[in-house]
Every structure is written in structure tokens, then in C-alpha cells.
Amino acid sequence: MPVDKQKLMHDLLPKLFKGNKHSGPHQFKFNDDEKWYFETYTPVKSSSGNYSKILVLANEITQVVLQERKMKTQTEELTAQEEELRQNLEEMHTLQEDTLKRMEELEELKNQLAEKDKLQIIEIDNLQKENNLKMQDLIDIQEKIKKEAEEQKAKDELLVRQAKEEAQTHILNMEEDFFVKQKELKKKLKEATLELESVKSN
């Protein structure tokens with residue numbers, strides 16, 4: 001706050017006239033302009049040995065004070081920024097730890113899934129091998145059935161052919177036997193006719 005010159009002198013004069021020296025920075029207002037002075041008040045003795053005068057030395061330090069104030073403000077801002085940066089670093093460190101932990105969990109889960117996938121692949125391979133064996137068995141059974149069917153067909157065709165041949169032979173034999181019997185019957189009929197005619201003529 002600006003220094004009240006009268007109040008300052010009122011407080012200092014009793015001490016100064018007792019021989020106490022005073023020095024320090026003081027703020028003053030001149031037409032709303034802020035001014036700072038470093039003042040030194042030195043009591044001076046008269047010839048009688050009493051302090052009758054005050055020697056005042058004043059150096060303007062306005063720029064120094066303003067610079068210090070600016071530096072203080074900047075220091076406070078830097079301190080606040082450093083604190084904010086420290087908090088951000090702590091948050092980043094915490095986030096980094098959480099991220100690393102999450103990555104480790106994901107890696108572990110990945111390994112578990114990889115192991116599970118590996119087991120599933122092995123199981124699928126085994127199922128494929130089993131299916132291939134079953135498929136081969138089915139193919140073998142189909143081939144066997146096909147072969148047996150072809151053999152049975154060949155046997156059936158042979159039996160049919162043999163049956164036809166036997167039937168044809170039997171028919172031929174029956175026809176031949178029929179012709180023989182017919183011939184014999186005609187012969188007997190002729191003999192009977194001749195015999196009948198002979199009887200009639202006698």
C-alpha cells in the first residue's frame with residue numbers, strides 16, 4: 001500500500017532523534033503513478049551533541065520493485081505450472097501403470113486364447129482325422145457293396161442264362177419227344193387202320 005509520508009515521519013522521528021537509523025523500501029503515489037524508493041534516514045548530531053537533523057538518502061527502485069513483482073508473479077505462475085505439471089506427470093505415471101497392467105492382462109488373455117485356439121485346432125484336426133477315417137470306411141463299404149452287387153449281378157445273370165439254356169433244352173427235348181410220340185402214334189394208328197380193314201375184308 002502507498003506510504004503515508006506524514007504517518008511514516010510521525011512514527012520514525014522519535015526513533016531517529018534517539019539516534020536510531022532507519023532504512024527500507026517505501027511506496028508512494030504521484031498522480032496515480034506508483035513509485036518506489038529505498039530510503040535511508042540517518043540522525044545527525046549538532047555541536048551540542050544532540051540529534052537535531054536527519055540525513056535522508058533516497059534511490060528510486062520502482063523498476064527493480066516492478067521487476068521483482070513481475071518475477072514473483074512469474075515464479076508463482078511457474079510454481080503453479082510446475083505443480084500442475086507434477087500432477088499431470090503423476091496422472092500420466094498412474095495412467096502408464098494402468099496401461100501396462102492392462103497390456104499385461106491383455107497379453108495374458110491373448111496367451112490364454114492362443115492356447116485355447118491351439119487346443120481347439122488340435123481337437124478340430126482330430127475330428128477331421130476321425131471324419132476322414134469314417135469317410136474312408138464308408139468308401140470301403142460302398143466299394144465292397146458295389147463289388148458284391150456286381151458279383152451278385154453276374155451270378156444272377158449266369159443263373160438266368162443257365163435257366164434259359166435249361167428251359168430251351170427242356171423245350172427242345174419235349175418237342176423231340178412229342179414228335180417221336182406223335183410219329184409212333186401215327187404208326188400205331190396206321191397199323192390199327194390196316195388191321196381194321198383186314199378184319200372187315202375177312
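Parameters and conventions
Residues numbered from 1 in each chain as written. Predicted model: local features only at pLDDT ≥ 70, side-chain atom pairs only at ≥ 80, totals over all residues. Heavy atoms only, no water. Helix = DSSP H or I, 4+ residues; strand = E, 2+ residues; numbered from the N terminus. Rg over C-alpha atoms; globule rule 2.2 N^0.38 Å. Contact = heavy atoms within 4.5 Å. Areas by Shrake-Rupley, 256 points an atom, 1.4 Å probe, with all protein chains shown as cover. Lys, Arg positive; Asp, Glu negative; His and termini not counted. Charge placed at Lys NZ, Arg CZ, Asp CG, Glu CD. Patch = residues over 30% accessible without salt bridge, like charges linked within 9 Å, V, L, I, M, F, W, Y side chains within 5 Å. Salt bridge = Lys/Arg side-chain N within 4 Å of Asp/Glu carboxyl O. Buried < 20%, exposed > 50% of the residue type's maximum accessible area, 1.4 Å probe, protein only. Polar contact = N/O pair within 3.5 Å; in protein donor to acceptor, adjacent residues only side chain to side chain. Pairing = 2+ DSSP bridges. Axes fitted to C-alpha atoms, helices over the stretch in contact; angles between N-to-C directions.

A. Highlighting the overall build of the protein. Helix and strand content of the protein: two helices and three strands. Starting at the N terminus and ending at the C terminus, the protein contains elements arranged as α-β-β-β-α. A compact globule built from 202 residues would reach a C-alpha radius of gyration of about 17 Å, whereas the protein, at 71 Å, exceeds it by more than 25%. Oriented by its inertia axes, the alpha-carbon framework of the protein measures out at about 230 × 35 × 20 Å. In the protein, 35% of the contacts between residues at least 6 apart in sequence involve partners at least 24 apart. Summing over all exposed atoms, the protein offers an accessible surface of approximately 18,100 Å²; the carbon and sulfur share of this is 56%. Of the charged side chains in the protein, 34 are positive and 43 negative; the average position of the first set lies 3 Å away from that of the second.

B. Up close: a nonpolar patch on the surface. A cluster of nonpolar residues, M135, L138, I139, I141 and I145, forms a patch on the protein surface that exposes about 460 Å² of accessible area. With respect to the secondary-structure elements, L138 resides in helix α2 (residues 62-201). Overall, L138 belongs to the partly exposed group, its relative accessible area being 47%.

C. Highlighting the side chain of T62. Counting through the fold element by element, T62 comes out in helix α2. Only 2.8 Å separates the side chain of T62 from the backbone nitrogen of W36, close enough to count as a polar contact. Within polar-contact distance, the side chain of T62 engages the side chain of E60 at 3.1 Å. Ignoring any residue separated from it by four or fewer positions in sequence, one finds T62 in contact with E34, K35 and W36.

D. Broad picture of the sheet that holds strand β3 (residues 51-60). Read across the sheet, three strands follow the order β1-β2-β3 without closing on themselves; strand pairing throughout is antiparallel. Edge positions in the sheet fall to β1 (22-30) and β3, since each has one partner strand and no second. Going across the sheet, the axis of each strand differs from the next one's by a mean of 35 degrees, ignoring polarity. Taken together, the nine bridges between strand β2 (residues 33-45) and β3 define a ladder with antiparallel strand orientation. Bridged to Y37 within β3 is E60. Lying over the sheet, α2 contacts β2 and β3, oriented at roughly 125 degrees with respect to β2.

E. Local environment of the pattern of salt bridges. Under the counting rule described, the total for this entry stands at six salt bridges. Taking the shortest distance from any N to any O, the salt bridge between E83 and R86 comes out at 2.3 Å. Of this pair, E83 and R86 both sit in helix α2, three residues apart, roughly one helical turn. You can call E83 partly exposed: its relative accessible area is 32%. A relative accessible area of 38% means that R86 is categorised as partly exposed. The salt bridge partner of K134 is E130, with a shortest N-O separation of 3.5 Å. A residue pair is termed a helical-turn pair when its members lie 3 or 4 positions apart in one helix, as K134 and E130 do in helix α2 at four residues. Given the relative accessible area of 46%, K134 is considered partly exposed. A single salt-bridge network, built from bridges that share partners, covers E83, R86 and E90.

F. Quick look at the pairing of β2. The pairing of β1 with β2 spans nine bridges and is antiparallel. Bridging from a neighbouring strand, P25 pairs with F38 of β2. Connecting β1 to the next strand, β2, in antiparallel fashion are two residues, including N31 with a positive phi near 50 degrees. Taking the residues that link successive antiparallel strands as the turn, the β2-β3 hairpin has five residues, and the phi of G49 there is positive, at about 95 degrees.

G. Region of the structure containing the environment of Q120. Position of Q120 among the secondary structure elements: in helix α2. The exposure class assigned to Q120 is partly exposed, which follows from its relative accessible area of 36%. A C-alpha to C-alpha distance of 99 Å links Q120 and T42, two positions 78 residues apart in sequence.

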